[in-house]
Amino acid sequence: MSIDERVAAVRATIADACARSGRTPSDVTLIAISKTHPAAAVFQAAQAGVQHFGENRVEEAETKLPSVRALTSDALTWHMVGHLQSRKARDALLLFDMIHSVDTLKLAEKLSRAASEREKRIDVLLEINISGEDSKYGISAAGWERDAQVRLAVFNSMREIAMLPGLRVRGLMTMAPIVSTMETARPVFTGLRAFRDAAQSELGLALPDLSMGMTDDFPVAVEEGATMVRVGRAIFGERQSV
Ligand SMILES: *Cc1c(COP(=O)(O)O)cnc(C)c1O
């Protein structure tokens, strides 16, 4: 299949998931994750109508984004979805329109400072570890429903980050564990949405965006309320090794 056909298939799958759950496809933003794939592949996806792209490494984006700009004058929106070291915060700010992976106060402060120096605010999502997997980045919220200590810690972190002047906190992001069937991932997505609802009322903060769902599980994530899905392999094919 061509990238064009793959994009159409992913869009149809999103539309089906929306139909099953009474949602509107225009409320779900498709972010094509182009990591390891060349600028030419991004160009093809852009030709197929994709407007949002994501990368997981600053270094790769530093070379790829200018190459993409040389191929198309389309105004594309770039999302940083991978773990971001705080010493790369300034570089990331210059490359990306939204950072999905804000997972520590330290990183949030660096981003905010860099943005404030440029008299701008950067859109961010807070990465939440809802499943409690040790290997995951993200602010830990595992067990928040039962454990008042966890709730206190996570809401305090969120409150501090939300007050930073250079950030505009738009919502939450999570990564589901890698599982063999997408049904197994559903509780993570349901859990992120429930956590979001609780955080909104606890903090008095609007958190409209939920970034959740990848190639193996995005239909279920859409059913559970994702407003952004991060799809790589279903659009670009298997990743080239780097
Ligand atoms: C690579 C990546 C994706 C896309 O993964 P696929 O399984 O290829 O769809 C989504 N989110 C993050 C954070 C990633 O690093």
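Structural data are supplied above this passage.
A quick note: this is a predicted structure, and the numbers were derived from the prediction, not measured.

Colleague: When you look at the site of the ligand in this model, what are you seeing that I'm missing?
Modeller: In the region of the ligand, the neighbouring residues are Ile-33, Lys-35, Val-81, Met-175, Met-214, Thr-215, Arg-230, Val-231, Gly-232, Arg-233 and Arg-239. Here a nitrogen atom of the ligand and a side-chain polar atom of Arg-230 are 2.9 Å apart. Backbone polar atom of Gly-232 to an oxygen atom of the ligand: 2.8 Å apart, as the coordinates give it. In isolation the ligand exposes 390 Å². Once the protein is present, 95% of that is buried. Of the residues belonging to the shell around the ligand, the class tally is five nonpolar, two polar and four charged.

Colleague: What should I look at first to understand the pairing of strand β2 (residues 52-55) in this one?
Modeller: Side-chain positions along a regular strand alternate between the two faces of the sheet. Neither face of β2 is exposed, since His-52 and Gly-54 on one face and Phe-53 and Glu-55 on the opposite face are all buried. As paired strands, strand β1 (residues 29-33) and β2 are joined by three bridges and run parallel to one another. Paired with Ile-33 across the strands is Gly-54, a residue of β2. This β-α-β element, β1 to helix α2 (residues 39-47) to β2, shows right-handed connectivity. Note that β2 and strand β3 (residues 77-80) share four bridges and pair parallel. When the bridges of β3 are listed, His-52 appears paired with Thr-77. In terms of handedness, the path from β2 via helix α3 (residues 58-71) over to β3 forms a crossover that is right-handed.

Colleague: What's the story with α2 in this structure? I'm lost.
Modeller: In an α-helix, one turn spans 3.6 residues; hence positions three or four apart end up facing the same way. Taken as a whole, α2 has its buried residues at Ala-39, Ala-41, Val-42, Ala-45 and Ala-46. Down the axis of α2, the buried set is contained in an arc of 160°. They therefore lie on one face. Against the buried residues of α2 lie α1 (3-21), β2, α3, β3 and α9 (233-236). Note on α2: the residue one or two positions beyond its end, Gly-49, has a positive phi of about 100°.

Colleague: Looking at this model, I keep getting lost on unusual backbone geometry. Mind explaining?
Modeller: Note: most peptide bonds trans; most residues except glycine with negative phi. In this model, Thr-36 sits at a positive phi of 75°, which is unusual for a non-glycine residue. Tracing the chain through its elements places Thr-36 in the loop between β1 and α2. Even without glycine at this site, Glu-119 takes up a positive phi of about 55°. One can find Glu-119 in the loop between α5 (105-117) and β5 (122-129). You can call Glu-119 exposed: its relative accessible area is 78%.

Conventions adopted
- Residues numbered from 1 in each chain as written.
- Predicted model: local features only at pLDDT ≥ 70, side-chain atom pairs only at ≥ 80, totals over all residues.
- Heavy atoms only, no water.
- Near = heavy atom within 4 Å.
- Polar contact = N/O pair within 3.5 Å; in protein donor to acceptor, adjacent residues only side chain to side chain.
- Areas by Shrake-Rupley, 256 points an atom, 1.4 Å probe, with all protein chains shown as cover.
- Nonpolar A, V, L, I, M, F, W, Y, C, P; charged D, E, K, R; others polar.
- Buried < 20%, exposed > 50% of the residue type's maximum accessible area, 1.4 Å probe, protein only.
- Helix = DSSP H or I, 4+ residues; strand = E, 2+ residues; numbered from the N terminus.
- Pairing = 2+ DSSP bridges.
- Right-handed = clockwise from strand over helix to strand, strands pointing away.
- Arc of directions from axis to C-beta.
- Contact = heavy atoms within 4.5 Å.

As far as function goes, none of this settles anything; it's purely spatial.
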